[in-house]
Amino acid sequence: MTDIPQVILGAHFPGVNHTTVWSDPASGSHIHFDSFARFAQAAERGKFDFLFLAEGLRLREQGGHIHDLDVVGRPDTLPVLAGLAAVTQHLGLAGTINATFNEPTEVARQFATLDHLSAGRAAWNVVTSSDAFTGENFRRGGYLPRDQRYVRAEEFLDAARAQWDSWEAPAGETAGTEPAPFQVSSTQFEISGQVTFPRPPQGHPVIFQAGDSAAGRDFAARNADAVFTRHGTPEAGRAFYADLKSRVAAAGRTPEHVKVLPGATFVVADTDAEAVELADHIRHQQVSGQTALRLLEQVWNRDLSGYDPDGPLPEIEPETGETTIIQGRARHVDDPHEAVAKLRRLAEEHGYSLRETAIASQARQSFIGSPQTVAHQIIDAVATGVSDGFILVPHLTPSGLDPFVDRVVPLLQERGALRTDYPERATLRDLLGLPTPITLKESTA
Ligand SMILES: Cc1cc2nc3c(=O)[nH]c(=O)nc-3n(C[C@H](O)[C@H](O)[C@H](O)COP(=O)(O)O)c2cc1C
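Keep in mind that this is a model prediction, so the values were computed, not measured.

Caption draft 1: Spotlight on the side chain of N102. Among the structural elements, N102 can be located in the loop between β5 (92–98) and α3 (104–117). Only 2.8 Å separates the side chain of N102 from the backbone oxygen of N98, close enough to count as a polar contact. Setting aside its immediate chain neighbours within four residues, N102 contacts I97, V107, R152 and F156.

Caption draft 2: Summary view of the pattern of salt bridges. Counting across every chain of the model gives 20 salt bridges. The salt bridge partner of R161 is D158, with a shortest N-O separation of 3.0 Å. Taken together, the positions of R161 and D158, both in helix α5 (residues 146–164) and three residues apart, correspond to about one turn of that helix. Overall, the relative accessible area of 18% leaves R161 in the buried class. Between R429 and D225 there is a salt bridge; the shortest N-O distance is 3.1 Å. Of the two residues, R429 sits in helix α14 (residues 428–432) while D225 sits in the loop between α6 (214–223) and β10 (226–229), which places them 204 residues apart along the sequence. Residue R429 shares its accessibility class with D225, and that shared class is buried.

Caption draft 3: Focus on the nonpolar core. Membership of the largest hydrophobic core comes to 85 residues, with the highest contact counts inside it found for F48, F50, W124, F208 and F404. The leading source of residues in this core is α5, at seven residues. The next biggest cluster of nonpolar side chains, apart from the first, holds 15 residues, and it includes V340, L343, L354 and A358.

Caption draft 4: Molecular detail of the site of the ligand. Neighbouring the ligand are 18 residues, the closest being E55, V127, S129, Y150 and S213. Y150 has a polar side-chain atom sitting 2.5 Å from an oxygen atom of the ligand. Within the side chain of S213, one N or O atom sits 2.6 Å away from an oxygen atom of the ligand. Within the complex, the protein chains bury 87% of what would otherwise be the 610 Å² of accessible surface of the ligand.

Caption draft 5: Summary view of helix α2 (residues 77–87). Taken as a whole, α2 has its buried residues at T77, L78, V80, L81, L84 and A85. Taken around the axis of α2, the buried residues stretch over an arc of 155°, which confines them to a single face. Structural note: α2 exposes P79 and A86 on the side pointing more than 90 degrees away from its buried face. Contacts from the buried residues of α2 go to α1 (33–45), β2 (50–53), β5 and α3.

Caption draft 6: A look at the sheet that holds strand β12 (residues 326–327). Spatially, three strands are ordered β4-β3-β12 in an open sheet, and the strand pairing comes out antiparallel. Looking at the sheet topology across the chains shown, the edges are occupied by β4 (65–66) and β12. The pairing of strand β3 (residues 61–62) with β12 spans two bridges and is antiparallel. Paired with E61 across the bridge in β12 is Q327.

Caption draft 7: A look at a negative patch on the surface. Taken together, the side chains of E274, E277, D280, D308, D310 and E356 present a region of like negative charge at the surface. The dominant element in the negative patch, judged by the number of residues it contributes, is helix α8 (residues 272–286), at three residues. Within the secondary structure layout, E274 lies in helix α8. A relative accessible area of 41% means that E274 is categorised as partly exposed.

Caption draft 8: Molecular detail of the packing of α6 against helix α7 (residues 234–250). Where α6 meets α7, the closest approach of the two axes is 8 Å, and the angle between their N-to-C directions is 55°. Compared by their axis directions, α6 and α7 come out oblique. Handedness of the crossing formed by α6 with α7: right-handed. Where α6 abuts α7, its residues A214, R217, D218, A220 and A221 lie against F240, D243, L244, R247 and V248.

Caption draft 9: Just the packing of α1 against helix α13 (residues 402–414), in detail. Relative to each other, α1 and α13 sit at 5°, their axes nearing to 9 Å. Relative to α13, α1 is oriented roughly parallel. Contacts between α1 and α13 pair R38, A42 and R45 from the former with D402, V405 and D406 from the latter.

About the thresholds
- Residues numbered from 1 in each chain as written.
- Predicted model: local features only at pLDDT ≥ 70, side-chain atom pairs only at ≥ 80, totals over all residues.
- Heavy atoms only, no water.
- Helix = DSSP H or I, 4+ residues; strand = E, 2+ residues; numbered from the N terminus.
- Polar contact = N/O pair within 3.5 Å; in protein donor to acceptor, adjacent residues only side chain to side chain.
- Contact = heavy atoms within 4.5 Å.
- Salt bridge = Lys/Arg side-chain N within 4 Å of Asp/Glu carboxyl O.
- Buried < 20%, exposed > 50% of the residue type's maximum accessible area, 1.4 Å probe, protein only.
- Core = buried A, V, L, I, M, F, W, Y, C linked by side-chain atoms within 4.5 Å.
- Near = heavy atom within 4 Å.
- Areas by Shrake-Rupley, 256 points an atom, 1.4 Å probe, with all protein chains shown as cover.
- Arc of directions from axis to C-beta.
- Pairing = 2+ DSSP bridges.
- Patch = residues over 30% accessible without salt bridge, like charges linked within 9 Å, V, L, I, M, F, W, Y side chains within 5 Å.
- Lys, Arg positive; Asp, Glu negative; His and termini not counted.
- Charge placed at Lys NZ, Arg CZ, Asp CG, Glu CD.
- Axes fitted to C-alpha atoms, helices over the stretch in contact; angles between N-to-C directions.
- Parallel < 35°, antiparallel > 145°, perpendicular 65-115°, else oblique.
- Left-handed = near helix turned anticlockwise from the far one by under 90°.

What follows is the structure in structure tokens.
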């Protein structure tokens, strides 16, 4: 490799999930602020670009019970990020907030505030989650069919932008500092008024998108600065990367201005062999026999509790139609028959049990090895068009980033793939190499 690319690094504070190894004594709270602060400070010590919070608005239920791995819960994203703004100085602060259940005026105000509080470090991951079960927690219930979610999301974002852009700049100045009215008229929103906050330091917070459908990708191509994605192999990553960047070009934007950032796990040890062994142990901690059954129930859409996790995959066919087995955030399975056939091929090829198949099917890129191997794998992935960087998801909170920060980051820095210090007064847009939106209205007064 001759050209060493710059690697973008995000730190994903684990959400409701089966990533965290709860049984490890080092596994700490996902609620107490100390956990968030410690995690964020580790990311900043490692010169990461940003911290990332996912969002779950209702704990998943399966067979009428809350998922045993989710019971720790999830506090609200924006107050957590506001707290983190006070205990970090450079790190970007990215929060997932959905456009289906919220209202643009509130969200625009909250992100503008976060951007001001943090001197230009805010990012908003615009998601569209619309399942009716989650919606029951909200005023309007689980409204919005799948095909209308991105229509609302785009109009929502347009309404937020109209508010961020609404204050006017005095003649000759570049910052909107004079209150001025705004008006939004779209199929979902009829809003007019005047906002109480000046233009955010970044113009607009960095916009993330996460959602893999064609509609989701096109929404990202038109609107996002970065895409949070998920893939299992470098080949799948490259295919996504090429597809997304071509959609960005087709939308008339510059492909380099939309960063593709897959989630990735990592396991670092002294040698490659030790890391492989440790990774195997961690995977078995993450996916117990019970968890394996839960995961496969989501694909089969059937109660599989009578099956032996150490036995073969169920021979019955999946139940098609409405997903009834799991309620709350779940991976959408487009074609259950194809998904089951794929799992059967995987099991057959490797002689896997049900549990081992569930473990192997968890689609997420993993970097496993010595610090040298992991640093090389990451640089190689970015150099060969898998992504522009990664959002790392450790299996322990809050200490899980430490092995990466202490052992891999210095090697990335040595090879010129990662900054050794933050530039003075850099916004998150500056760190990511993104342009600041220029939509200034000049004062007519
Ligand atoms: C990598 C990734 C991360 C996501 N994170 C969240 C999240 O934290 N909260 C949420 O409500 N939805 C999340 N989503 C779900 C998306 O917002 C979206 O609702 C879902 O993927 C369906 O959209 P689609 O039809 O475009 O795939 C995530 C999706 C992906 C691919």
